[in-house]
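Close look at the chain arrangement
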Amino acid sequence: MGKVLLASPRGYCAGVDRAVTAVRRALELYGAPIYVRKEIVHNKFVVQTLAEAGAIFVNELDEVPPGARVVFSAHGVAPAVYAEAEARGLEVIDATCPLVMKVHREARRYADDGFEIVLIGHQGHEEVEGTLGVAPERIHVIDTDGDVDALPDLDGLGADRRRHFSENEIQNAADATAETHATGKVVWLSQTTLSVDQTRETVSRLEKRFPGLVSPPSDDICFATQNRQGAVKAIAPRSDVVVVVGSANSSNSVRLMEVALEAGARAAHRVDGVGEMEASWFEGAETVGVTSGASVPEVLVEEVLEWLASRGFDEVETVETSRETTSFTLPKPLR
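Throughout, a residue's number is its position along its own chain's written sequence, starting from 1. Local features in a predicted model are, by the rule used here, given only for residues with pLDDT of at least 70; side-chain atom pairs are given and counted only at 80 or more, and totals for whole chains, interfaces and linings are based on all residues. The side-chain values count all of the structure's non-hydrogen atoms but skip hydrogen atoms and water molecules.

**Some points on empty space enclosed by the protein**
To keep things clear, this is the line we draw: Two kinds of site are reported from a 1 Å grid over the protein atoms alone, namely cavities, where a 1.4 Å probe fits but cannot get out, and pockets, open sets with protein on both sides within 12 Å along at least five of seven lines, and residues are called lining when an atom falls within 4 Å of a point. Grid points are joined across faces, edges and corners, and a volume is the space filled by probe spheres set on the points. Labels follow the DSSP assignment, with helices taken as runs of H or I lasting at least four residues and strands as runs of E lasting at least two, numbered in each case from the N terminus. The classification used treats Ala, Val, Leu, Ile, Met, Phe, Trp, Tyr, Cys and Pro as nonpolar, Asp, Glu, Lys and Arg as charged, and all other residues, Gly among them, as polar.
Tallied over the entire structure, the rule returns one cavity of 30 Å³ or more. If you add up the space inside the largest cavity, you get close to 240 Å³. Along its surface, the largest cavity is lined by 20 residues, and Val16, His75, Thr192, Thr193 and Asn252 are the ones closest to its centre. Those elements giving two or more residues to the lining of the largest cavity turn out to be helix H1 (14–30) and helix H10 (251–262). When its residues are assigned to classes, the lining of the largest cavity shows eight nonpolar, 11 polar and one charged.

This is the structure:
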């Protein structure tokens, strides 16, 4: 008989719950169709379910009829998209996650203060595109495994001078920058769904490259992302195989699979749902870890657990590492 270690917390975060509920509530209040720019959250099942209920997903606003209602996804949009919506007379329901909006406000504030901003995130991801649009002239995007040395000389301090800095001088430069917000200095921000450990390593490399690097007032990686990574770290060392339920375009789901392997799981697989499970993954396994990304409804996890139980993994132990009580109010038009 096999055992399942079920990570907790897992699945829907507060921002995803708010966004999905916003679309459902809009359909209830106004009826179909309700237009949604991009995927409301990165999960195939959720998008398909909402589409069946009357939501119409579009890539850009020129696909939305003038004067119609449109929901902006949890990932956020650039200021230019808000301006386009206003120009087309669209009624906007903004379902941007409040934690993403926090990053937008930080980007605007630092840009206004004359900082160059290094945004750690995945090129082309909708959240990164939205944040980049806040201050494109000031923001420089780099992936967690990107080449820090490829960034331009953002702080105006050439490599030759930087090599001769002592550790005390570097710390003094950082302290002075934090106090004065001097023009031309550098700050880092990040996408909210990154690997905590990988981001920390990238920041360490940035600090060596830019001695006066400033950190944001609080960590940009959202609490739900960190909690889910913490939970999978707890189950991975005890698991022969870890199954992460989540879509391929879900950054936080992909990170969970990577974190599981880094934390000691012998194997890890990401699946959209039970239809992608393969019996061969579990040959010789005694313990299976199960978790799900922040945009995954619990019904998909339940189906995976049923599939595992039918194959002998019928003892389930929930491993709880933290409890989440945060919730976000719905966008103003829906309250």
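Continuing now.
**With respect to the side chain of His125**
Stated formally: Between buried and exposed lies partly exposed: a residue is buried under 20% and exposed over 50% of the maximum accessible area for its type, with that area taken using a 1.4 Å probe on protein chains only.
Along the chain, the position of His125 falls in the loop between strand S6 (116–120) and helix H5 (126–132). Looking at His125, the relative accessible area reads 11%, which means it is buried.

**Side note on unusual backbone geometry**
Cis rather than trans, the peptide bond between Ser8 and Pro9 has omega equal to 10 degrees. Of the consecutive residues Ala32 and Pro33, the connecting peptide bond is found in the cis state with omega at 0 degrees. Along the polypeptide, Pro33 turns up in the loop between H1 and strand S2 (34–37). In this model, Lys38 sits at a positive phi of 65 degrees, which is unusual for a non-glycine residue. Relative to the elements of secondary structure, Lys38 occurs in the loop between S2 and helix H2 (44–53).

**Section: the packing of helix H9 (residues 223–235) against H10**
Let me state the cut-off plainly: Inter-axis angles, ranging from 0 to 180 degrees, are taken between N-to-C directions of lines fitted to C-alpha atoms, where helices are fitted over the stretch in contact. Convention used here: angles under 35 degrees read as roughly parallel, angles over 145 as roughly antiparallel, angles from 65 to 115 as roughly perpendicular, and any remaining angle as oblique. For any pair of crossing helices, the crossing counts as left-handed if the nearer helix is rotated counterclockwise from the farther one by less than a right angle, and right-handed if it is rotated clockwise. Contact between two residues is taken to exist if any of their heavy atoms lie within 4.5 Å; hydrogens are not considered.
Where H9 meets H10, the axes come as close as 9 Å, and the angle between the chain directions of the two elements is 30 degrees. Regarding the angle of H9 to H10, the classification is roughly parallel. For the crossing formed where H9 meets H10, the hand is right-handed. For the pair formed by H9 and H10, the contact residues are Thr225, Arg228, Gln229, Val232 and Lys233 on the first element and Asn252, Arg255, Leu256, Val259 and Ala260 on the second. Residue classes in the contact of H9 with H10 are distributed as four nonpolar, three polar and three charged.

**Structural notes on the sheet that holds strand S4 (residues 69–72)**
Which entries qualify depends on this criterion: When DSSP finds at least two bridges between two strands, those strands are taken to pair.
Pairing is parallel in the open sheet, where four strands are placed in the order S3-S2-S4-S5. Strands at the two margins of the open sheet, each flanked by one partner only, are strand S3 (55–58) and strand S5 (91–94). Direction aside, the axes of adjacent strands within the sheet are offset by 30 degrees on average. With four bridges connecting them, S4 and S5 associate as parallel partners. Pairing of Val71 across the sheet is with Ile93, part of S5.

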